[in-house]
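Analysis of the macromolecular model
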Amino acid sequence: MMKFNPDRTYSFECLKDDLSYLATQYVNEVRLETIGYSVAKREILAVKIGTGEKIILCHGAHHAREWMTTTLLVDFIFRILQDNSWPWLTIRKDWLKLVSFWFIPMVNPDGVTLAQEGLNSFDNAETLLKWNKGSTDFTGWKANNRGVDLNRQYPTDWKSIDGSPSTPSSSHFKGYKPLSEPEVQAVYHFVKKRNIDVAIAYHSSGEEIFWRYRLNEEIAEKQLRPLAEALADTTGYRLINPSDNPSGGGFTDWFLTTYKKPSFTIEIAPSVGPQPVPLHLYKQIFQANELVLYTIAEHLIRKRMDN
Ligand SMILES: [Zn+2]
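Before going into details, it helps to say that this report is about the structure given with it. Just so you know, the residues in each chain are numbered from 1, in the order the chain's sequence is written. In keeping with the model being predicted, local features are shown solely for residues with a pLDDT of at least 70 and side-chain atom pairs are shown and tallied solely at 80 or more, while totals for entire chains, interfaces and linings include all residues. With hydrogens and water stripped out, all remaining heavy atoms of the structure feed into the side-chain values.

**Observations concerning the nonpolar core**
- Counting 68 residues, the largest nonpolar core has Phe 101, Phe 103 and Phe 264 as its most contacted members.
- Strands here mean DSSP runs of E at least two residues long; helices mean DSSP runs of H or I at least four residues long; both are numbered from the N terminus. If one sorts the elements of this core by residue count, helix α2 (residues 68–82) sits on top with nine residues.
- Note on contacts: a residue pair is in contact if any heavy atoms of the two residues lie within 4.5 Å. Once you skip the residues sitting within four places of it in the chain, Phe 103 turns out to touch Leu 45, Ala 46, Val 47, Ile 49, Cys 58, Leu 73, Phe 76, Ile 77, Ile 80 and Leu 293.
- If you look at the next biggest cluster of nonpolar residues, it comprises 23 residues, including Ala 46, Trp 102, Leu 179 and Ala 199. Think of a nonpolar core as a cluster: buried Ala, Val, Leu, Ile, Met, Phe, Trp, Tyr and Cys residues, connected wherever their side-chain atoms sit within 4.5 Å. Buried means the residue's accessible area, taken with a 1.4 Å probe over protein chains only, is under 20% of the maximum for its type, while exposed means over 50%, and partly exposed covers the values in between.

**With respect to the packing of helix α1 (residues 12–25) against α2**
- For the pair α1 and α2, interaxial distance at closest approach is 12 Å and the crossing angle is 15 degrees. Of the possible angle classes, the one that applies to α1 and α2 is roughly parallel. The element α1 and its partner α2 pack so that their crossing is left-handed. Note on element contacts: α2 touches α1 through Thr 70, Val 74, Ile 77, Phe 78, Leu 81 and Gln 82, opposite Leu 15, Asp 18, Leu 19, Tyr 21 and Leu 22.
- Under the grouping applied here, Gly and all other residues not named as nonpolar or charged are polar, the nonpolar ones being Ala, Val, Leu, Ile, Met, Phe, Trp, Tyr, Cys and Pro and the charged ones Asp, Glu, Lys and Arg. When the residues that make up the contact of α1 with α2 are grouped by side-chain class, the tally is eight nonpolar, two polar and one charged. To obtain each axis, a line is fitted to C-alpha atoms, and for helices this fit is confined to the stretch in contact; angles are then taken between N-to-C directions over 0 to 180 degrees. Note that the term roughly parallel is reserved for angles under 35 degrees, roughly antiparallel for angles over 145, roughly perpendicular for angles of 65 to 115, and oblique for everything else. When the near helix sits turned anticlockwise from the far one by under a right angle, the crossing is termed left-handed; a clockwise turn instead gives a right-handed crossing.

**Digging into the pairing of strand β5 (residues 198–204)**
- A large share of β5 lies buried, amounting to seven of its seven residues.
- Between any two strands, pairing holds if DSSP finds at least two bridges. Examined bridge by bridge, strand β3 (residues 54–60) and β5 share five bridges and lie parallel to one another. Within β5, the position partnered with Cys 58 by the bridge is Ile 200.
- Inspection of the sheet shows β5 paired to strand β8 (residues 263–268) by six bridges, in the parallel sense.

**Some words on helix α7 (residues 217–235)**
- Note on bend: at a given residue it equals the angle between the axes fitted to the 7 residues ending there and to the 7 starting there. Considering bend angle alone, the principal kink of α7 is centred on Leu 224 and spans about 55 degrees; proline Pro 226 follows within four residues of it.
- Of the positions making up α7, those classed as buried are Ile 219, Ala 220, Leu 224, Leu 227, Ala 228, Leu 231, Ala 232 and Thr 235.
- One side-chain oxygen of the residue at the start of α7 lies 3.0 Å from the amide nitrogen of Glu 218, identifying that residue as Asn 216.
- Note on α7: the residue one or two positions beyond its end, Gly 236, has a positive phi of about 80 degrees. Polar contacts, as counted here, are pairs of nitrogen or oxygen atoms within 3.5 Å of one another; within protein the pair requires one atom able to donate a hydrogen and one able to accept it, and residues that are adjacent in sequence qualify only if both atoms are side-chain atoms.

**Side note on the pairing of strand β2 (residues 43–49)**
- Taking burial as the measure, the seven residues of β2 include six buried ones, the bulk of the element.
- Here strand β1 (residues 30–37) runs beside β2; their pairing, made up of seven bridges, is antiparallel. Each residue of the ladder has a partner; that of Thr 34, found in β2, is Leu 45.
- With antiparallel pairing between neighbouring strands as the criterion, β1 and β2 make up a hairpin whose turn holds five residues, including Lys 41 at a positive phi of roughly 65 degrees.
- The pairing of β2 with strand β4 (residues 99–104) spans three bridges and is classified as antiparallel. In the strand pairing of β4, Ile 49 is matched with Phe 101.

**A look at the side chain of Asp 83**
- With respect to the element layout, Asp 83 can be found in the loop between α2 and α3 (88–95).
- For Asp 83, the side chain forms a polar contact with the side chain of Ser 85, separated by 2.7 Å.

**So, the coordination of the zinc ion**
- Coordination of the zinc ion by the protein is provided by His 63 (ND1), Glu 66 (OE), Glu 66 (OE) and His 203 (ND1), with metal-donor distances spanning 2.0 to 2.4 Å.
- Note: metal donors comprise N, O and S atoms at 2.8 Å or less from the metal (3.2 Å for Na, K and Ca); water molecules are not included, so apparent gaps in a site are possible. In short, tetrahedral needs four donors with all angles between 85 and 135 degrees, square planar needs four and octahedral six donors with opposite donors over 155 degrees apart and all other angles between 65 and 115, and whatever is left is irregular. Coordination at the zinc ion is irregular: its four donor atoms span angles of 55 to 147 degrees at the metal.
- The sequence pattern formed by the donor residues of the zinc ion is H-x2-E-x136-H. Of this pair, Glu 66 sits in the loop between β3 and α2 while His 203 sits in strand β5; the two residues are 137 residues apart in sequence, bridging distant segments of the chain. Each member of the pair, Glu 66 as well as His 203, carries the same accessibility label: buried.

**Here's the deal with the pattern of salt bridges**
- Salt bridge, as applied in this entry: a Lys or Arg side-chain nitrogen positioned within 4 Å of an Asp or Glu carboxyl oxygen. Scanning the entire structure with this criterion turns up 16 salt bridges.
- Put simply, Lys 54 and Asp 197 hold a salt bridge, and the shortest N to O gap is 3.7 Å. Remark: Asp 197 occurs in the loop between α6 (182–192) and β5 and Lys 54 occurs in strand β3; sequence separation between them is 143 residues.
- Residue Lys 54 is classed as partly exposed on the basis of its relative accessible area of 22%.
- The class for Asp 197 is buried, based on a relative accessible area of 10%.
- Its salt-bridge partner being Glu 181, residue Arg 146 comes within 2.9 Å of it at the nearest N-O pair. Of the two residues, Arg 146 is situated in the loop between α5 (125–131) and α6 and Glu 181 in the loop between α5 and α6; the sequence distance between them amounts to 35 residues.
- For Glu 181, a relative accessible area of 4% gives the class buried.
- If you follow the salt bridges from partner to partner, you end up with Arg 212, Glu 217, Glu 221, Arg 225 and Glu 229 in one network.

Pasting the structure below:
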């Protein structure tokens, strides 16, 4: 049995190797799918574990430099399949007939590759260099390889996101129209086809949880707050109340507004500035997030019994 190794720069190649290994090793437990392709034709991979009708979706690395969120999600997948300690064994033995987990560990494989390996594997290197203001250091890159910020691409309130920068950039460029990027289209269509009950968008950094966007008080308080507080308790992260004028275009903004079901942006790690989260912080990040899936699954199962 191969154990997961989180202690490395977790690349798209690592992801492909690990997920193929799991799909072969756990034929009956793991479903591996390609749900789309990035601009540079890297696979956007999704994994399903469980057969329950309640569906929990977790994705990571919309933002390139935030690739430690991929490490965390693949660690979760290995734990569900292999770890015999609590809470993982409880999930595996008792709950996978009641809930299903879908993981999309790396939404932005081109951006992650660029942030980790630099220009070498890109045929638009010259343009990328220009968008990176002439610097060959891409470690702080957030966008995809067309310079679009994938978490400013969802249709909810897209028009009102402030338009700067107005051209491709390492971060914050919202694109010329919503859903223009294939990575976001893949996630969008994936979600539309399924009846997802809770969606988690992993980002870094700030140790914060975004949970309500512009939803009105009644929906937010009744339907979202209990789970939001449970997640804040278990992670130790702060719940963020929306500012008066939150900017839209993010996955969670779209999911909350469209489906009115719980969705959270979880920002792992203390603020580290415009760079990847240093590897030495992984252990504390894993510990803070270890009960996130358990907490969500328990919430859904309890709700089901109440109904
Ligand atoms: Zn982010």
